[in-house]
Every structure is written in C-alpha cells, then in structure tokens.
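Residue-level listing of the chains:
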Amino acid sequence: TYDWGDRNVILSSFYWCNIVAQIIGGKLAAMFGTKLILSITIVINSVASLLLPLSAQYLGSTGVIICRLTQGLSVGLINTSSYHILGIWAPAPERSRILSMMYTGHVLSSIFTNVMTGYICSSRVGWPFTFYLSGCLGVVWILPWIMFASDSPAKHKTISVQEKMYIQALIGGWEEPQVIKLLFKCLLKLSVQSS
C-alpha cells in the first residue's frame, strides 16, 4: 500500500492525454491505417499496464502517472480509430446496430472489469495482478488482430468477393471527411479577426 499525497493527480492523469488523442486519433488512422494505429496503441497500452506495478515500486507516484498518461494517450487513439474503421467496414444499413453493439460492449466491459479488479485486488494475488492480467490480455489480443485484420474490405486477403462487393456498394467511395481542415481554417480565421 502506497501513501501518496497526489492520488488525485494519478487518477486524473489518464484523461489529460486521452482528450488530446481523441482529437487526432481519427486523422492518424486515416493517414497511416487503422490496423497500424490500433496495433501500436494496443501494444503501448499493454506494456504500460505491465510496467505500472514496477513503476509504482521503483519510481513512486511519478512512475504511475507516466504509465497512466501513456495509457490515456493510447486509449484515446484506440477509441477514435475504432470509429474510423467502423466507417470503412460497416455498411450503412448495419452501422447503427454495429455501433450500438460496440458501445454496449465498451460499457459492459468497463462494468465487468471494475467488478473483477475489485475482486482480484481483495484476493491473495493483490492489485498488481490486475495490471499484469490486462497487459497480457492486450498482448494476446494483438496477435490475431495482426494476422486477420485489414484496413478496408478492398485490402482484406480472405474476404469473399460477394461480401467485399456488398460492403463497398453500401459504403460507396470512402473519402476522409474534411472536418479537421475546416476546423483549423475556422480557428485561424477567428484568431485573425480577434487580433
């Protein structure tokens, strides 16, 4: 048990980088491909989770804050990349149902994880095991993701021709929305007008 006076900073540090990552995550996924971004961010998140108990032991609260900042950054990129890949893979008639399942899975996994981590922390194995377990699960998840995932139906190696044509017909020509460019143009225009 650590008696740190900066527990509020530790708890909030996850969200500092998470906010920034959510702003740029979709754009990074569009530029470099969702498969690559999700692969890198899952690995980073898993490594940070595995290192967190050791960071607490050897680096104190500063080490924990660094791990939580790293996890916040990676989870922010994971969230926005997930929505990006949904826009490329989910046909319009199925998109709302898939999005609902994705969101429900996210909420249910949070509930399940909170219950399980509470149980694990109160057991003999102790709180570090929760971070080792989540880190290992991320590493296990990344292996099939790298082997089977693809950025788009057109790039997938094992998808049937009928399914590829179905998805592409209902999605149409995917083009990256120009929202970010418009946002920056508006901000630049506002800053010029105010000065």
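From a predicted model like this one, the values you see are computed outputs, not experimental measurements.

The rules behind each value
Residues numbered from 1 in each chain as written. Predicted model: local features only at pLDDT ≥ 70, side-chain atom pairs only at ≥ 80, totals over all residues. Heavy atoms only, no water. Phe/Tyr/Trp six-rings, centres within 6.5 Å; stacked < 30°, edge-to-face > 60°. Buried < 20%, exposed > 50% of the residue type's maximum accessible area, 1.4 Å probe, protein only. Helix = DSSP H or I, 4+ residues; strand = E, 2+ residues; numbered from the N terminus. Expected span 1.5 Å × (residues − 1). Contact = heavy atoms within 4.5 Å. pLDDT = per-residue confidence, 0-100. Axes fitted to C-alpha atoms, helices over the stretch in contact; angles between N-to-C directions. Parallel < 35°, antiparallel > 145°, perpendicular 65-115°, else oblique. Left-handed = near helix turned anticlockwise from the far one by under 90°. Nonpolar A, V, L, I, M, F, W, Y, C, P; charged D, E, K, R; others polar. Lys, Arg positive; Asp, Glu negative; His and termini not counted. Salt bridge = Lys/Arg side-chain N within 4 Å of Asp/Glu carboxyl O. Polar contact = N/O pair within 3.5 Å; in protein donor to acceptor, adjacent residues only side chain to side chain.

### Digging into the packing of aromatic side chains
The tally for this structure, following the rule as stated, stands at five aromatic pairs. Seen from their ring centres, Y2 and W4 are 4.6 Å apart, and the 10 degrees between their planes marks the pair as stacked. Overall, Y2 belongs to the partly exposed group, its relative accessible area being 34%. Seen in terms of ring centroids, F14 and Y15 are 5.1 Å apart; in terms of plane orientation they differ by 80 degrees. Their pairing is edge-to-face. Taken together, the aromatic side chains of Y2, W4, W127 and F131 make up a single cluster linked through ring pairs.

### A look at helix 1 (residues 7-32)
Taking 1.5 Å per residue, 26 residues should reach 38 Å; helix 1 reaches 36 Å between its end C-alpha atoms and fits that length. Three or more residues of helix 1 are buried, namely I10, S13, F14, N18, A21, G25, G26 and A29. Those residues of helix 1 that are buried are in contact with helix 2 (34-89). Count one or two residues on from helix 1 and you reach G33, which has phi positive near 95 degrees.

### Structural notes on the confidence of the model for the chain
In this model, the chain carries a mean pLDDT of 87, and residues with pLDDT of at least 70 account for 88%. The element-level mean pLDDT for the chain is lowest in helix 6 (residues 179-194), coming to 60, with helix 4 (residues 128-148) highest at 94.

### A word on the environment of G33
Within the secondary structure layout, G33 lies in the loop between helix 1 and helix 2. Along the backbone, G33 and I85 are 52 residues apart, and their C-alpha atoms lie at a distance of 8.9 Å. Those residues in contact with G33 that sit more than four places away from it in its chain are L28 and D151.

### Let's talk about the packing of helix 2 against helix 3 (residues 92-122)
Describing two packed helices takes the angle between their axes plus the distance from one axis to the other. One can describe the packing of helix 2 onto helix 3 by two numbers: an axis separation of 11 Å at closest approach and a directional angle of 160 degrees. Judged on the interaxial angle alone, helix 3 and helix 2 are roughly antiparallel. In the packing of helix 2 onto helix 3, the handedness of the crossing is right-handed. Along its contact with helix 2, which presents N79, S82, Y83, L86 and G87, the element helix 3 presents R95, I98, L99, M102, Y103 and H106. Class assignment for the residues of the contact of helix 2 with helix 3 results in six nonpolar, four polar and one charged.

### Quick word on the side chain of D151
Relative to the helices and strands, D151 resides in the loop between helix 4 and helix 5 (161-171). Although D151 is buried, it forms no salt bridge, and the closest oppositely charged side chain is K155 at an N-O distance of 4.3 Å. At 2.9 Å, the side chain of D151 and the backbone nitrogen of T34 are in polar contact. When residues no more than four places from it in sequence are discounted, the contact partners of D151 are G33, T34, K35, L36, I85, I88 and W89.

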